[in-house]
Amino acid sequence: MSISHAPPDISPVAGSAQPAAPELVAVLATSARRRPVPRWIRRTAGPLLLLALWQLASSLGWLPADTLAPPSTIAAAGADLIQDGTLPGAMAVSLQRVAIGLVIGGTAGTVLALLSGLSRLGEDLIDASVQMLRTVPWVGLIPLFIIWMGIGEAPKVALIALGTAFHLYLNVYAGIRGVDEQLIEAGGALGLGRWGLVRHVVLPGFMTGLRYSLATPWLALVFGESINADAGIGFLMNQAREFFRTDVIVVCLVVYAFLGLTADLVVRTLERLLLQWRPTFTGQ
């Protein structure tokens, strides 16, 4: 005698309540999301506000023109210097001096940093001397440079090269020695050769050092062009100082700032292209 077990009847019973299917309710935003202000507007708002306050203070007589010329006068003086070719010619002379000094100082600083950072023997022979010399104010070397090189172009270029070399040396050397040794060992285990070490270790430090070093040539140029210069932006500033032309002095300062920002933009662009593998924090 066999006993069969029938499966329980799970069919819905008539009249029993069924759970209602969930309904999707459209939620409407109470207020539209505000569009963020473009970054270029936020970055230019501060300088434009400063210029407006400057012009207002000059117009009301709070800032005398003989102390500091108003922006409108400075813009007119800059336009005149551009039209007669004085400012472009001075920029060309100064850029040539900066370029030569930057190449000489950048090459010397990078080579010394590589020798000192990648080799203990190089560190023992180079680092102590460089660290000692960098504490000497390089502007104070102007009298010696005049005695050694005269009053021509050589002392001006030497000042730029010296300041650039020290900055590049410190940043590249710190970039090499600041890397975790375990990362170097891991890179060697993965087949990272000498070129890979230079690309992933030296290059970031070099680019950072180059950005910091670009501020030094313009500072050195101001002092260098005070050494019996007959052309250049510093020469224009010296002439304007003798005639109390604050508008021309400010024009030259604006040119220095513009050239420095342009050089920094070029290096930052190269940094983004050459160091795409390195993620960086860009703010929130």
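Data block above holds the structure.
Residues numbered from 1 in each chain as written. Predicted model: local features only at pLDDT ≥ 70, side-chain atom pairs only at ≥ 80, totals over all residues. Heavy atoms only, no water.

Chemist: Account for the overall build of the protein, with residues named and values stated.
Modeler: Of the regular secondary structure elements, the protein holds eleven helices and zero strands. Reading the helices (α) and strands (β) of the protein from amino to carboxyl end gives α-α-α-α-α-α-α-α-α-α-α. Scored against the burial criterion, the 284 residues of the protein give a buried share of 31%. Pairs at least 24 apart in sequence give 73% of the contacts found in the protein among residues at least 6 apart. Carbon and sulfur atoms make up 67% of the accessible area of the protein, which totals about 19200 Å². (Helix = DSSP H or I, 4+ residues; strand = E, 2+ residues; numbered from the N terminus. Buried < 20%, exposed > 50% of the residue type's maximum accessible area, 1.4 Å probe, protein only. Contact = heavy atoms within 4.5 Å. Areas by Shrake-Rupley, 256 points an atom, 1.4 Å probe, with all protein chains shown as cover.)

Chemist: Describe the packing of aromatic side chains, listing the residues and the values that go with them.
Modeler: A complete count under the given rule lists two aromatic pairs for this structure. Arranged with centres 6.1 Å apart and planes meeting at 50 degrees, the rings of Phe 145 and Trp 148 form a pair that is tilted. Taken as a pair, Phe 145 and Trp 148 lie in helix α5 (residues 142–149) at a separation of three residues, close to a single helical turn. The class of Phe 145 is buried, set by a relative accessible area of 7%. On the basis of relative accessibility, which here comes to 58%, the residue Trp 148 falls in the exposed class. Judged by centre distance (5.7 Å) and plane angle (10 degrees), the ring pair of Tyr 169 and Tyr 173 falls under stacked. (Phe/Tyr/Trp six-rings, centres within 6.5 Å; stacked < 30°, edge-to-face > 60°.)

Chemist: Account for unusual backbone geometry, with residues named and values stated.
Modeler: With phi around 55 degrees, Phe 244 is a residue other than glycine that occupies positive phi space. Following the sequence through the fold, Phe 244 ends up in the loop between α10 (233–242) and α11 (246–274). Accessibility expressed as a relative area gives 71% for Phe 244, which makes it exposed.

Chemist: Tell me what's going on with a nonpolar patch on the surface, and back it up with residues and numbers.
Modeler: Together, Leu 49, Leu 53, Leu 56, Leu 60 and Trp 62 line one region of the surface with nonpolar side chains, adding up to about 570 Å² of accessible area. Here Leu 56 is to be found in helix α1 (residues 39–59). For Leu 56, a relative accessible area of 45% translates into the label partly exposed. (Patch = residues over 30% accessible without salt bridge, like charges linked within 9 Å, V, L, I, M, F, W, Y side chains within 5 Å. Salt bridge = Lys/Arg side-chain N within 4 Å of Asp/Glu carboxyl O.)

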